[in-house]
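So you can see what is in the structure, the chains are spelled out below.
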Amino acid sequence: MKAIGFKKYLPITAEESLIEFEVAKPIAKGYDLLVKVEAVSVNPVDVGVRKASHRILKEPKIIGWDAVGVVESVGENVTLFRKGEHVFYAGAFKRSGSNSEYQIVDEKIVGHAPKKLTIGQAAAMPLTSLTAWEALFEQLEIDPNDKKNNEKQTILIINGAGGVGSIATQLANWAGLNVIATASRPETIEWVRKFGADEVVNHRQDLVQEVRKLGYRYVDYILELNDLDGHWDEMAEIIKPSGKIASITENKHPVDLRKLTKKRAKFAWEWMYTKSFYQTPDMITQHEILDKISSLLDQEIIKTTLNKTLSPINVANLKRAHKLVESNHMIGKVVVSNE
C-alpha cells in the first residue's frame, strides 16, 4: 500500500520533509481493525513529531493522528465493529499513523463516524474532541449532566479558536457553563462566538485585567491551550480558591506550583494519548467518548470545526496542511480528504 511519512526531520519547505513510499498492507489481529483511510486532519502533534529530531531514520515514519475510513477487516477478538462500517478515531502515538491507504487501530479507541457529516467534517473531530472531553470532564472534573450547578460556574478557555478550543467551547457550553474564550483577531472573535463563547477576551492583553473588566474577580475553571509559560502567572491570579486548571501544552520553564498553594487550586495535564500509550484499563472510554461525540454531531448539538479541506490525500496537500498548522494562525481544523 502507499503511505506518506519521512526519514529526515526537515522544515516543511524541504523537498523530503514528507515523502511517498510503499509498505506492506497490515493485517488485523486481536482487537485491531484494518481501516481503509478516506480522510485525515493535520494537528500540531503532526508538526511536532515531524520536527522532533535531527537524526535520519532507517525506515520512513508514517504520521497522522486523525482519520475517517471504512472497516476493511477485523481481528478475531473484535466485538464493537464489523466490516463495512464507517469509523473515526485519533489513533495511537506508538503505532503507524493515518497518512496511509490502510491503518491498523485498536477498536477500544475508535468511534462510529457521524452519519450526517461528510467524511471531511468528521475527520476534523476525533483528536480535538477526545482532548476537550477528557480535559473538561475528566481532568477538570466537570459533570456534563449537572447543568443546574454548572450554570453558576465560569470557565476561561485560552485559545478558543484553535482546534481543541473550538470543540471545548461547544462542550463547555453544552454542559451549561458560562464560557469566556480568548481570541485576538476579528475573524477569531467571530469564530469563537459562533461556537458558543458567551464572552471573549484578548489573550494578547493582560488576561487578569481582561477578565476583571467583564466583572469576574475569579473563574472556576481554566483550560489552557496555548503558551502555558506566558499565561501561568495570570492563571494563578484569576483562578478561584479551590478552582481547577488543566493544560494541554508543555512548559519550557519550571512551573511555580507554589502560586496555587494558598488557593488550594488544582492543576492537571491532559494528553489524550495517555490511555493508548500506557494501555490503561479505562482505554475503552475513548470509544465511548467518540460515540457520544458522533451522536452530538448528528443531533446538531455541536458542530464540526472543519475550516479548510484539501483534496486528494497526497504529499503536496499534506505539506500545505502542515504549513497552515505551523503558521499558528489556523482557525479550526484543516482536513486532507479523498472525497
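Residues numbered from 1 in each chain as written. Predicted model: local features only at pLDDT ≥ 70, side-chain atom pairs only at ≥ 80, totals over all residues. Heavy atoms only, no water.

*Asks:* What am I meant to see in helix 8 (residues 228-238) here?
*Replies:* Residues lying three or four places apart along an α-helix face the same way, a consequence of the helix completing one turn every 3.6 residues. Within helix 8, the full set of buried residues consists of Leu228, His231, Trp232, Glu234, Met235, Ala236 and Ile238. Residues of helix 8 that are buried in the fold lie against strand 9 (154-158), helix 7 (207-213), strand 12 (219-224), strand 13 (239-247) and strand 14 (266-269). (Buried < 20%, exposed > 50% of the residue type's maximum accessible area, 1.4 Å probe, protein only. Helix = DSSP H or I, 4+ residues; strand = E, 2+ residues; numbered from the N terminus. Contact = heavy atoms within 4.5 Å.)

*Asks:* Help me out: how do you make sense of the pattern of salt bridges in this one?
*Replies:* Side chains bearing opposite charge may pair, as long as their charged atoms lie close to each other. Summed over all chains, the structure comprises 17 salt bridges. Glu326 is the salt-bridge partner of Lys51, the closest N and O atoms lying 4.0 Å from each other. A residue pair is termed long-range when its members are at least 10 positions apart, and Lys51 in the loop between helix 1 (44-50) and strand 4 (56-62) and Glu326 in helix 11 (residues 315-326) qualify at 275 residues. Judged by relative accessible area, Glu326 falls into the partly exposed class, the value being 26%. Note that Glu187 and Arg185 form a salt bridge whose closest N and O atoms lie 3.0 Å from each other. Among the residues examined, Glu187 registers a relative accessible area of 38% and is labelled partly exposed. Bridged by salt links that share partners, the residues Arg50, Lys51 and Glu326 form one connected network. (Salt bridge = Lys/Arg side-chain N within 4 Å of Asp/Glu carboxyl O.)

*Asks:* Honestly, the pairing of strand 13 in this entry has me stumped. Any pointers?
*Replies:* Regular strands show a simple pattern: their side chains alternate between the two faces of the sheet. Relative to strand 13, strand 12 runs parallel, the two being bridged by five bridges. Bridging from a neighbouring strand, Glu224 pairs with Ser247 of strand 13. A crossover links strand 12 with its parallel partner strand 13, the connecting element being helix 8, and its sense is right-handed. (Pairing = 2+ DSSP bridges. Right-handed = clockwise from strand over helix to strand, strands pointing away.)

*Asks:* Before we go on, may I ask you to explain the environment of Leu80 in this structure?
*Replies:* Residue placement: Leu80 occurs in the loop between strand 5 (67-74) and strand 6 (86-89). With 86 residues separating them in the primary sequence, Leu80 and Ser166 have C-alpha atoms 29 Å apart. Sequence-distant contacts of Leu80, that is, excluding residues within four places in its chain, are made with Glu85, Glu107, His112, Ile284 and His287.

*Asks:* When you look at the side chain of Ser337 in this model, what are you seeing that I'm missing?
*Replies:* As for its position among the elements, Ser337 is in strand 16 (residues 333-337). When sequence neighbours within four positions are dropped, the list of residues in contact with Ser337 reads Glu38, Ala39, Ile119, Thr309, Leu310, Ser311, Pro312 and Ile313.

*Asks:* Help me understand the packing of aromatic side chains in this model?
*Replies:* Describing an aromatic ring pair means giving the distance of the ring centres and the angle of the ring planes. Per the counting criterion, the structure on display carries 13 aromatic pairs. The interplanar angle of 45° and the centroid separation of 5.7 Å between the aromatic rings of Phe93 and Tyr273 together place this pair among those described as tilted. Remark: Tyr273 occurs in the loop between strand 14 and helix 9 (274-277) and Phe93 occurs in the loop between strand 6 and strand 7 (102-106); sequence separation between them is 180 residues. Taken together, the aromatic side chains of Trp65, Phe93, Trp271, Tyr273, Phe277 and Tyr278 make up a single cluster linked through ring pairs. A cation over an aromatic ring shows up here: Lys303 above the ring of Phe195, its NZ or CZ 4.9 Å from the ring centre. (Phe/Tyr/Trp six-rings, centres within 6.5 Å; stacked < 30°, edge-to-face > 60°. Lys NZ or Arg CZ within 6 Å of the ring centre and 35° of its normal.)

*Asks:* Just to check I follow, could you spell out the pairing of strand 15 (residues 306-310) for this structure?
*Replies:* Of the pairings in the sheet, the one linking strand 15 to strand 16 comprises four bridges and is parallel in character. The partner of Leu310 across the bridge, within strand 16, is Val336. Since strand 15 and strand 16 lie parallel, the crossover through helix 11 that links them has a hand, and here it is right-handed.

*Asks:* So what exactly am I meant to see when it comes to the sheet that holds strand 13 here?
*Replies:* Across the sheet, which stays open at both edges, the six strands sit in the order 11-10-9-12-13-14 with parallel pairing between neighbours. The sheet is open, and its two borders are formed by strand 11 (199-201) and strand 14, each paired with just one other strand. Neighbour-to-neighbour, the strand axes of this sheet turn through a mean angle of 20°, independent of strand direction. Contacts from helix 5 (residues 163-174) reach strand 9, strand 10 (178-182) and strand 12, with the element oriented near 175° to strand 9. (Axes fitted to C-alpha atoms, helices over the stretch in contact; angles between N-to-C directions.)

*Asks:* Sorry if this is basic, but what is going on with unusual backbone geometry here?
*Replies:* Comment: phi is negative for the bulk of residues other than glycine, and the bulk of peptide bonds are trans. Across the junction of Ser311 and Pro312, the peptide omega takes the value 0°, indicating a cis bond. Notably, Asp227 is not glycine yet its phi reads approximately 70°, a positive angle. Note on placement: Asp227 falls in the loop between strand 12 and helix 8. On the accessibility criterion, Asp227 (40% relative accessible area) is partly exposed. Of note, the phi angle at Asn328 is positive, near 65°, even though the residue is not glycine.

*Asks:* Any chance you could explain the sheet that holds strand 2 (residues 19-22) here in plain terms?
*Replies:* By way of backbone hydrogen bonds, the strands of a sheet pair with one another, either parallel or antiparallel. Spatial ordering of the open sheet is given by 2-1-4, a layout of three strands whose pairing is antiparallel. Bordering the open sheet on either side are strand 2 and strand 4, each of which pairs with just one other strand. Each strand axis lies, on average, 45° off the axis of its neighbour in the sheet, ignoring direction. Looking at chain direction, strand 1 (residues 2-8) and strand 2 are connected through four bridges and run antiparallel. From the neighbouring strand, Gly5 faces strand 2, where its bridge partner is Ile19.

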